[in-house]
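Survey of secondary and tertiary structure
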Amino acid sequence: MAVVFKTALLDEKMDEVFDWSKDSIPVRDALWDHFMEANGHNTDETEASMQKIDAKSDADVKAYIEENLKK
């Protein structure tokens, strides 16, 4: 059986992780939406970007979100 590791942060709600966020969607969905907007709604590119995010630590993901999604 394969072991699947998830980044726990990705499954948390945005407004529970970031005090500046008013979104109650999971971090994973916010990142997906961000990448879709950034690359002209190209699903293949978005999937590749999400795979890169999945490989990062929670701290790196949080830093990316602070830098790119904070309004």
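This structure is a prediction, so every number in the text was calculated from the model and none was measured.

1. Some details on the pattern of salt bridges
- With the rule as written, the count across this model stands at three salt bridges.
- As a salt-bridge pair, Asp11 and Arg28 come within 3.0 Å of each other at their nearest N and O atoms. With Asp11 in the segment before α1 (14-17) and Arg28 in helix α2 (residues 27-38), this pair connects stretches of sequence that are 17 residues apart.
- Taking the shortest distance from any N to any O, the salt bridge between Lys70 and Glu66 comes out at 4.0 Å.
- A relative accessible area of 33% means that Glu66 is categorised as partly exposed.
- Bridged by salt links that share partners, the residues Asp11, Arg28 and Asp54 form one connected network.

2. What to know about the nonpolar core
- Counting residues in hydrophobic clusters, the biggest one holds 13 residues, and the most contacted among them are Met14, Val27, Leu31, Val61 and Ile65.
- Sorting the residues of this core by element identifies α2, α3 (43-54) and α4 (58-68) as the ones contributing at least two each.
- In terms of residue count, α2 provides more of this core than any other element does, four residues in total.

3. Examining the packing of α2 against α4
- One way to put it is that α2 packs onto α4 with a least axis distance of 12 Å and a crossing angle of 50°. Taken as axis vectors, α2 and α4 run oblique relative to one another. Between α2 and α4 lies a crossing whose hand is left-handed. Across the interface between the two elements, Val27, Leu31, His34 and Phe35 from α2 touch Val61, Tyr64, Ile65 and Asn68 from α4.
- Counted by class, the contact of α2 with α4 contains six nonpolar, two polar and no charged residues.

4. Here's the deal with the environment of Lys62
- Tracing the backbone through its elements, the reader meets Lys62 in helix α4.
- Judged by its relative accessible area of 36%, Lys62 falls in the partly exposed class.
- Taking the C-alpha atoms as reference points, Lys62 and Glu47, 15 residues apart in sequence, are found 19 Å from one another.
- If we skip the residues at most four places from it in the chain, Lys62 touches Leu9, Val17 and Phe18.

5. Regarding unusual backbone geometry
- The phi torsion at His41 lies on the positive side, around 65°, for a residue other than glycine.
- Topologically, His41 is positioned in the loop between α2 and α3.

Cut-offs applied
Residues numbered from 1 in each chain as written. Predicted model: local features only at pLDDT ≥ 70, side-chain atom pairs only at ≥ 80, totals over all residues. Heavy atoms only, no water. Salt bridge = Lys/Arg side-chain N within 4 Å of Asp/Glu carboxyl O. Helix = DSSP H or I, 4+ residues; strand = E, 2+ residues; numbered from the N terminus. Buried < 20%, exposed > 50% of the residue type's maximum accessible area, 1.4 Å probe, protein only. Core = buried A, V, L, I, M, F, W, Y, C linked by side-chain atoms within 4.5 Å. Axes fitted to C-alpha atoms, helices over the stretch in contact; angles between N-to-C directions. Parallel < 35°, antiparallel > 145°, perpendicular 65-115°, else oblique. Left-handed = near helix turned anticlockwise from the far one by under 90°. Contact = heavy atoms within 4.5 Å. Nonpolar A, V, L, I, M, F, W, Y, C, P; charged D, E, K, R; others polar.

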